[in-house]
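# Fold and geometry: a report
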Amino acid sequence: MVEKENIFRNIRPILLSVIIGILQVFFFAELLIIAIMIYSWKKFPTLFFQNHTDKGLIVLTIVLILTYLVKRNIHKLLKN
């Protein structure tokens, strides 16, 4: 019984590290997509507003901020 408790106690930091890694990948993917959208905005400003891409950029920026905040909170859990 004591050995099983030690195994489960060691799994928590591993799971939190994996979750932080996955969120980090999403974070950088969102940054890349935002950079591409800003480039297209500078290159073709009229098409950018006709396709409602400006609203998508706003939503993606909000999701980026939320992803960062979740990643930061989980990282605090890992330190505790």
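Refer to the structure presented above.
We now turn to the structure provided with this report. Note that the structure is predicted; figures quoted are calculated from it, not measured.

Once that is clear, we can look at the overall build of the chain. The number of helices and strands found in the chain is three helices and zero strands. For 80 residues, the compact-globule formula gives about 12 Å, and the C-alpha radius of gyration of the chain, at 19 Å, lies well above that figure. With the C-alpha coordinates of the chain rotated into their principal frame, the extents come out at 65 × 15 × 15 Å. When burial is assessed residue by residue, the chain has 18% of its 80 residues classed as buried. Restricting the contact set of the chain to residue pairs at least 6 apart, pairs at least 24 apart contribute 68%. Per element, the accessible surface of the chain, about 6,500 Å² overall, is 73% carbon and sulfur. Each charge sign in the chain was given a centre, from 10 positive and 4 negative side chains, and these centres are 10 Å apart.

This part covers the environment of histidine 52. Within the secondary structure, histidine 52 sits in the loop between helix H2 (45–50) and helix H3 (53–79). By relative accessible area, which is 49% here, histidine 52 ends up partly exposed. Sequence separation between histidine 52 and isoleucine 14 is 38 residues; the distance between their C-alpha atoms is 41 Å.

Another point: the side chain of threonine 67. Structurally, threonine 67 is set in helix H3. Judged by relative accessible area, threonine 67 falls into the buried class, the value being 11%. At 2.8 Å, the side chain of threonine 67 and the backbone oxygen of valine 63 are in polar contact. The residues contacting threonine 67, other than those within four sequence positions of it, are Leu23, Phe27 and Glu30.

What follows is about the nonpolar core. In this structure, Phe27, Ile34, Met37, Phe48, Leu57, Leu60 and Leu64 together form the largest nonpolar core, which totals seven residues. Going through the elements one at a time, helix H1 (2–43) and H3 are the ones with two or more residues in this core. Filtering out sequence-adjacent residues up to four positions away, methionine 37 remains in contact with Phe48, Thr53, Gly56, Leu57 and Leu60.

Here we take up the packing of aromatic side chains. Per the stated rule, a full pass over the model turns up two aromatic pairs. A centroid spacing of 5.9 Å and a plane angle of 70° characterise the contact between phenylalanine 27 and phenylalanine 28, whose relative ring orientation is edge-to-face. Among the residues examined, phenylalanine 28 registers a relative accessible area of 48% and is labelled partly exposed. Seen in terms of ring centroids, phenylalanine 27 and tyrosine 68 are 6.1 Å apart; in terms of plane orientation they differ by 40°. Their pairing is tilted. Highlighted residues: phenylalanine 27 in helix H1 and tyrosine 68 in helix H3, separated in sequence by 41 residues. Each member of the aromatic cluster is reached from another via a ring pair, and the members are Phe27, Phe28 and Tyr68. The positively charged end of lysine 42 is found above the aromatic ring belonging to tryptophan 41, 5.8 Å away from the centroid.

Calculation criteria
- Residues numbered from 1 in each chain as written.
- Predicted model: local features only at pLDDT ≥ 70, side-chain atom pairs only at ≥ 80, totals over all residues.
- Heavy atoms only, no water.
- Helix = DSSP H or I, 4+ residues; strand = E, 2+ residues; numbered from the N terminus.
- Rg over C-alpha atoms; globule rule 2.2 N^0.38 Å.
- Buried < 20%, exposed > 50% of the residue type's maximum accessible area, 1.4 Å probe, protein only.
- Contact = heavy atoms within 4.5 Å.
- Areas by Shrake-Rupley, 256 points an atom, 1.4 Å probe, with all protein chains shown as cover.
- Lys, Arg positive; Asp, Glu negative; His and termini not counted.
- Charge placed at Lys NZ, Arg CZ, Asp CG, Glu CD.
- Polar contact = N/O pair within 3.5 Å; in protein donor to acceptor, adjacent residues only side chain to side chain.
- Core = buried A, V, L, I, M, F, W, Y, C linked by side-chain atoms within 4.5 Å.
- Phe/Tyr/Trp six-rings, centres within 6.5 Å; stacked < 30°, edge-to-face > 60°.
- Lys NZ or Arg CZ within 6 Å of the ring centre and 35° of its normal.

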